[in-house]
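Notes for the structure review
Residues per chain, in single letters:
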Amino acid sequence: MVHSIVLEKTDLQLGYIPLLDCVALLWAKQRGFFAENGLNVQLVKEASWASLRDRLAFGLLDAAHCLSAMLPAAAIGADQIGIPLQTPLVLSENRAFISISQKLCYQLNIVSQDSAESSAHKVVEYIQNNHPLSLAHVFQHSIHHYCLREWLALASPKLAQSIQLKTLPPPYMVEAISNHLIDGFCVGEPWNTQAEIQGLSHIVCSSQQIIPNVADKVLAVTQDWAKQHPHTLIALSRAILKAQQELRELQDFTQVWQMLMDFDVIQFPCSAEIHVEKYFSIQKIIRNFVQNSAEPKAEDFEWLFQQMYKWNDVTSEKTTYLEQAQHCILGSIYQAAKET
């Protein structure tokens, strides 16, 4: 595909964290969609959300697979950096899970039929009876953090506000629960499934049972980068949109699965022959990362601002949440990428 518009930059460093919802970036690279759009993209695996955010903010990455809540945090300087980030594209919506160690699930009689409220009550009662319990999320500014707090708040808003939570990069969750450093976590797939298959934990509820269907991961760039490279950002978004569409419609997932294994996103045996139910549930998650449109919505970021002020102990700005949210999104870039 040849585009007559001259791109401001063609060699790009694109950061990601190994999670299922980076799949559209990996697929766009594998299928040549970046090259089709005149881009030479180098995929860069980052060790943690903190390192990814810092490298994006300071220009070592051109764009990245980012937590949606990083954008509100950057907008008001709650991330200690204060370099504004923006997004033209949603990569996933509300697809986190809460997992608790199998030992604790057995001890507290937490079963798969439990509602989110029921499992929260069992865990909160255990904590209130002076039993230490360590829960982890992936980053202070994430739907995972808010999901854990909102889940605990179903049983005790006071405990939800006061409990100390640990922060761990997604790939380290399984190791941490294996080494008894934590008793549970909230993370995106495939790490919940890996821990479950290894006999370490059980998924006790989904973020979809607790919080609204808001953006979880987005394609993010700094505000300055977006201003300086609009045509490049349109080309990048176009390639990823094409990958998202193909993944939604793909019938045979063999190549996708192999790619996820090659990139160490999936590190456990799972196929149409072994752990079959998990295999097809992961396929379904990939197909449905974005329910309707990948266009970022101001309402999602408005909700994230509300959560940040509620749980992260930051003071409110004079402008409304919605006004602040609108600065996070690049709707015109999305529309241009979709139309070309």
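Since we're looking at a predicted model, the values are computed, not measured. (Residues numbered from 1 in each chain as written. Predicted model: local features only at pLDDT ≥ 70, side-chain atom pairs only at ≥ 80, totals over all residues. Heavy atoms only, no water.)

Here we take up the overall build of the protein. Each helix and strand in the protein was counted, giving 17 helices and ten strands. Computed over C-alpha atoms, the radius of gyration of the protein comes to 20 Å, within 12% of the 20 Å expected from 2.2 N^0.38 for 340 residues, which places it in the range of a compact globule. Taken over 340 residues, the protein has a buried fraction of 57%. Taking as baseline every contact in the protein between residues at least 6 positions apart, the subset at least 24 positions apart corresponds to 79%. Total accessible area on the protein is roughly 14400 Å²; 49% of this is exposed by carbon and sulfur atoms. In the protein, the 24 positive side-chain charges and the 34 negative ones have mean positions that sit 1 Å from each other. (Helix = DSSP H or I, 4+ residues; strand = E, 2+ residues; numbered from the N terminus. Rg over C-alpha atoms; globule rule 2.2 N^0.38 Å. Buried < 20%, exposed > 50% of the residue type's maximum accessible area, 1.4 Å probe, protein only. Contact = heavy atoms within 4.5 Å. Areas by Shrake-Rupley, 256 points an atom, 1.4 Å probe, with all protein chains shown as cover. Lys, Arg positive; Asp, Glu negative; His and termini not counted. Charge placed at Lys NZ, Arg CZ, Asp CG, Glu CD.)

What follows is about the environment of His65. Topologically, His65 is positioned in strand 3 (residues 63-67). Counting along the chain gives 51 residues from His65 to Leu14, while the straight-line C-alpha distance between them is 7.8 Å. Apart from the residues within four sequence positions on either side, His65 is in contact with Gly15, Tyr16, Ile17, Leu19, Asp21, Cys22, Leu25, Trp49, Leu52, Leu91, Lys217 and Val218. In this structure the side chain of His65 is engaged in a polar contact, spanning 2.8 Å, whose partner is the side chain of Asp21. (Polar contact = N/O pair within 3.5 Å; in protein donor to acceptor, adjacent residues only side chain to side chain.)

Backbone hydrogen bonds are what pair the strands of a sheet, in a parallel or an antiparallel way. Strand order in the open sheet made by the five strands is 7-6-8-5-9, with mixed pairing throughout. In this open sheet, the two strands that pair with only one neighbour each are strand 7 (166-167) and strand 9 (201-206). As judged from the two bridges shared by strand 6 (residues 135-137) and strand 8 (residues 184-188), these two strands associate in the parallel manner. Counted as the bridge partner of Ala136 is Phe185 from strand 8. Each of strand 5 (96-101), strand 6, strand 8 and strand 9 is contacted by helix 7 (residues 143-153), which is oriented at about 145 degrees to strand 6, the strand it contacts most. (Pairing = 2+ DSSP bridges. Axes fitted to C-alpha atoms, helices over the stretch in contact; angles between N-to-C directions.)

What follows deals with the side chain of His65. Overall, His65 belongs to the buried group, its relative accessible area being 0%. At 3.2 Å, the side chain of His65 forms a polar contact with the backbone nitrogen of Ile17.

Moving on to the domain arrangement of the protein. Annotation of the protein at the domain level lists domain 1 (11-94 + 215-339) and domain 2 (96-209). Taking only C-alpha atoms, the centre of domain 1 and the centre of domain 2 are 24 Å apart. Of the roughly 2800 Å² buried where domain 1 meets domain 2, counting both sides, 65% is carbon and sulfur surface. Among the residues of domain 1 in contact with domain 2, Asn94, Phe268 and Trp311 are the three that bury the most area, contributing 25% of the side total. Taken together, domain 1 and domain 2 are joined by two salt bridges. A salt bridge links Glu196 to Lys278; the nearest nitrogen and oxygen atoms lie 2.3 Å apart. Connecting domain 1 to domain 2 are seven residue pairs in polar contact (both at pLDDT 80 or more). Residue assignment for the side of domain 1 that touches domain 2 shows that the elements contributing at least two residues are helix 3 (49-57), helix 4 (70-75), strand 10 (215-222), helix 14 (276-287) and helix 15 (298-311). (Domains from an automatic or database assignment. Buried area = accessible area lost by both parts, 1.4 Å probe. Salt bridge = Lys/Arg side-chain N within 4 Å of Asp/Glu carboxyl O.)

As a further point, take the packing of aromatic side chains. Tallied over the full model, the rule gives five aromatic pairs. Plain terms: the ring middles of Tyr279 and Phe280 are 5.1 Å apart, the flat faces sit at 85 degrees to each other, and that makes the pair edge-to-face. Residue classification places Tyr279 among the buried residues on the basis of a relative accessible area of 9%. Cluster of aromatic residues (ring-pair linked, three or more members): Trp257, Tyr279 and Phe280. (Phe/Tyr/Trp six-rings, centres within 6.5 Å; stacked < 30°, edge-to-face > 60°.)

We now examine helix 6 (residues 116-128). With 13 residues, helix 6 ought to run about 18 Å at 1.5 Å a step, and its terminal C-alpha atoms sit 18 Å apart, in line with that. Among all positions of helix 6, only Ala116, Ser119, Ala120, Val123, Val124, Tyr126 and Ile127 are buried. For helix 6, the angular spread of the buried residues around the axis is 155 degrees, confining them to a single face. Where helix 6 is buried, its residues contact helix 5 (102-108), helix 7, helix 8 (157-162) and strand 9. Two residues or fewer past helix 6, Asn130 is found with a positive phi of approximately 65 degrees. (Expected span 1.5 Å × (residues − 1). Arc of directions from axis to C-beta.)

The next thing to look at is helix 3. All of the buried residues in helix 3 are Trp49, Leu52, Arg53, Leu56 and Ala57. The arc that holds the buried residues of helix 3, viewed along the axis, is 125 degrees, so those residues lie on one side. Of the surrounding elements, those touching the buried residues of helix 3 are strand 1 (11-16), strand 3, helix 4, strand 4 (85-93) and strand 10. Following helix 3 by one or two positions, Gly59 has its phi on the positive side, about 85 degrees.

A word on the pattern of salt bridges. Per the stated rule, a full pass over the model turns up eleven salt bridges. For Lys122, the salt bridge is made with Asp114, and the minimal N-O distance between the two is 2.8 Å. Among the ionic contacts, a cluster of salt bridges with common partners joins Asp21, Asp216 and Lys217.

Attention shifts here to the environment of Gln306. Positionally, Gln306 belongs in helix 15. Along the chain, Gln306 and Leu322 lie 16 residues apart, while their C-alpha atoms are 9.7 Å from each other.

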